[in-house]
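Observations on the three-dimensional arrangement
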Amino acid sequence: MLDRKFIRKAPDTVREGIKKKGVEFDIDGFLELDDRMRSLIHEVEKLKHERNVSSEKISACKKEKKNCDDLLAAMKKTSNRIKEIDVEVKDIGERLDELELDIPNMPHETVPYGTCPDHNVHVKHWGEVEDLPFEPEPHWDIGEKLGILDMGGGSRLSGRGFVVLRGAGALLSRALVSFMLDLHIEQGYEELSVPYMVSRDCMIGTGQLPKLEEDMYFCEKDDLFLIPTAEVPVTNLLRETIIDAGELPIKYTSFTPCFRREAGSYGQETKGLIRVHQFDKVEMVKFVRPEDSYEELESLLGDATVVLEKLQIPYRVIELCSMDLSFAAAKCYDIETYAPGVQRWLEVSSCSNFEDFQSRRANIRFRREKCGKPELLHTLNGSGLALPRVIATILELNQTPTGKVRIPEVLVPYMGGREYLEA
RNA sequence: GGAGAGGUGGCCGAGCGGCUGAAGGCAUCCGCCUGCUAAGCGGUUGUGGGGAUAAAACUCCACCGAGGGUUCGAAUCCCUCCCUCUCCGCCA
């Protein structure tokens with residue numbers, strides 16, 4: 001959410017930011033409504049002041065046992081008028097609050113302007129992407145042949161877009177999770193284990209709702225959403241709190257499954273492990289001072305890319321252009337790995353700075369000094385990393401002509417000493 | 001799921017229809033005092049919003065779990081919901 005005072009003061013800036021993100025929103029209508037509400041507030045507060053003053057008079061009168069019927073009658077009138085205006089203020093206020101949730105975050109000034117993924121900027125490459133000396137197979141074939149990936153099992157249980165890992169495949173997944181968490185803990189993150197179902201307020205707090213409701217799994221009976229990413233519970237853990245500046249930055253890491261309906265996805269996009277409705281992910285979330293957040297974004301990106309470097313997986317980092325940015329993000333880097341079997345770059349992480357967009361929604365603040373005013377802090381998060389695509393990359397990148405798959409060295413201890421996946 | 005108890009400021013805790021943004025204590029910060037430490041004395045310290053301002057000062061309004069209601073007036077009375085604790089039941 002944006003600062004309402006900022007919208008009032010700089011509507012042109014907001015209009016421009018919204019346009020850069022490719023979002024439609026009627027700022028003028030919003031401001032008109034806001035103006036109307038403020039003039040009503042002005043009026044009703046004057047009346048309330050009147051009420052407070054005459055309430056005192058009545059009280060004094062009663063004490064002296066004097067008759068004050070005319071005062072009471074006048075107060076009744078004022079009171080009724082107050083009630084009327086209050087209802088209108090509340091109504092307009094609710095409409096404004098609702099509208100406000102649809103205003104996206106502004107892209108940071110360093111974000112390249114662009115209207116489609118082609119305008120994203122490659123900012124870094126690491127490792128050599130070499131052609132394999134044989135025809136590489138896609139991960140779903142490799143996985144099925146090794147008996148570690150059971151696509152049919154997943155769809156039999158839950159339909160299209162669900163997978164079953166078995167044996168060494170399940171172990172590989174678990175090994176990756178442990179490896180990543182251990183690494184992030186070393187990097188200074190505190191590990192959290194959090195609920196996988198959260199309230200509507202949490203989903204609004206981090207900006208998934210109201211925009212993306214169609215993409216979320218929802219348990220109607222309990223009014224709970226299955227989390228689409230650990231970002232939601234972990235960021236909201238500090239909702240409605242005020243943190244001492246000395247505690248910042250706060251860094252959390254958490255492993256959770258993620259649930260996404262992926263409405264509208266189709267074809268190649270959804271084959272194998274590339275886009276599934278339920279996947280595992282290790283996430284990093286940071287709460288930082290506003291002045292540090294861009295530096296913290298770079299270090300977050302570093303914390304994520306180290307994972308790939310240790311796994312010896314080549315990657316590239318892409319800075320998203322304005323229209324490719326998510327609703328809540330001010331700036332975002334995607335990390336992609338090359339999967340030779342499907343001959344595609346796969347997004348395995350998104351590292352974003354939300355500035356105070358989420359913290360304003362979730363009311364997460366900090367205090368610079370003991371008696372200072374609370375200020376909104378900045379939130380960031382990044383995957384470190386999303387499991388299925390990393391597994392797909394490992395299978396395709398480390399495949400051998402004989403069908404075996406080499407396990408990255410750092411994972412071997414987590415795999416009980418095993419160095420290859422083989423049938 | 002059933003029965004009871006309770007939710008008041010940074011914390012503890014009073015208030016149960018008007019002068020209570022809220023006693024008292026603890027804590028905070030500032031000053032004074034005392035060789036040091038401890039204590040003592042005086043003062044200070046909530047959040048959100050509107051107006052005002054270059055920014056403040058200032059001023060007004062709201063806020064005692066949340067939302068409604070009664071009333072001229074609600075922390076206080078009534079209703080609904082949420083949360084916490086205790087006991088019972090049920091279940092991994």
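Residues numbered from 1 in each chain as written. Chains lettered and ligands numbered in written order. Predicted model: local features only at pLDDT ≥ 70, side-chain atom pairs only at ≥ 80, totals over all residues. Heavy atoms only, no water.

When helices and strands are tallied, chain A shows 12 helices and 18 strands. Dimensions along the principal axes, computed over C-alpha positions, put chain A at roughly 105 × 45 × 40 Å. Counting all 423 residues of chain A, 49% fall into the buried class. Excluding contacts between residues fewer than 6 apart, the proportion of contacts in chain A whose partners are at least 24 apart in sequence is 73%. Carbon and sulfur atoms make up 49% of the accessible area of chain A, which amounts to about 21,200 Å² in all. The centroid of the 57 positive side-chain charges in chain A is displaced by 7 Å from the centroid of its 74 negative side-chain charges. (Helix = DSSP H or I, 4+ residues; strand = E, 2+ residues; numbered from the N terminus. Buried < 20%, exposed > 50% of the residue type's maximum accessible area, 1.4 Å probe, protein only. Contact = heavy atoms within 4.5 Å. Areas by Shrake-Rupley, 256 points an atom, 1.4 Å probe, with all protein chains shown as cover. Lys, Arg positive; Asp, Glu negative; His and termini not counted. Charge placed at Lys NZ, Arg CZ, Asp CG, Glu CD.)

This part takes up the protein's contact with RNA strand B. Surrounding RNA strand B, one finds 24 residues, the nearest of these being His49, Lys63, Met75, Lys76 and Arg365. Near the protein, within 4 Å, the atoms of RNA strand B are sugar or phosphate in 69% of cases. A distance of 3.2 Å is found between a base nitrogen of RNA strand B and a side-chain nitrogen or oxygen belonging to Glu45. Ser55 has a polar side-chain atom sitting 3.2 Å from a base nitrogen of RNA strand B. At the level of elements, α1 (4-9), α3 (27-63), α4 (69-100) and β14 (364-367) are the ones that each hand at least two residues to the surface near RNA strand B. Looking at the surface near RNA strand B element by element, the count peaks at 11 residues for α3. (Near = heavy atom within 4 Å. Polar contact = N/O pair within 3.5 Å; in protein donor to acceptor, adjacent residues only side chain to side chain.)

Attention now moves to the packing of helix α7 (residues 168-186) against helix α10 (residues 293-310). Put simply, α7 and α10 touch, their axes get as near as 11 Å, and they point 130° apart. It follows from the interaxial angle that α7 and α10 lie oblique. Of the two possible hands of crossing, α7 and α10 adopt the one that is right-handed. Residues Phe179, Met180, Leu183 and His184 of α7 form the contact with α10, whose participating residues are Asp303, Val306, Val307 and Lys310. Its residues assigned to classes, the contact of α7 with α10 shows 5 nonpolar, 1 polar and 2 charged. (Axes fitted to C-alpha atoms, helices over the stretch in contact; angles between N-to-C directions. Parallel < 35°, antiparallel > 145°, perpendicular 65-115°, else oblique. Left-handed = near helix turned anticlockwise from the far one by under 90°. Nonpolar A, V, L, I, M, F, W, Y, C, P; charged D, E, K, R; others polar.)

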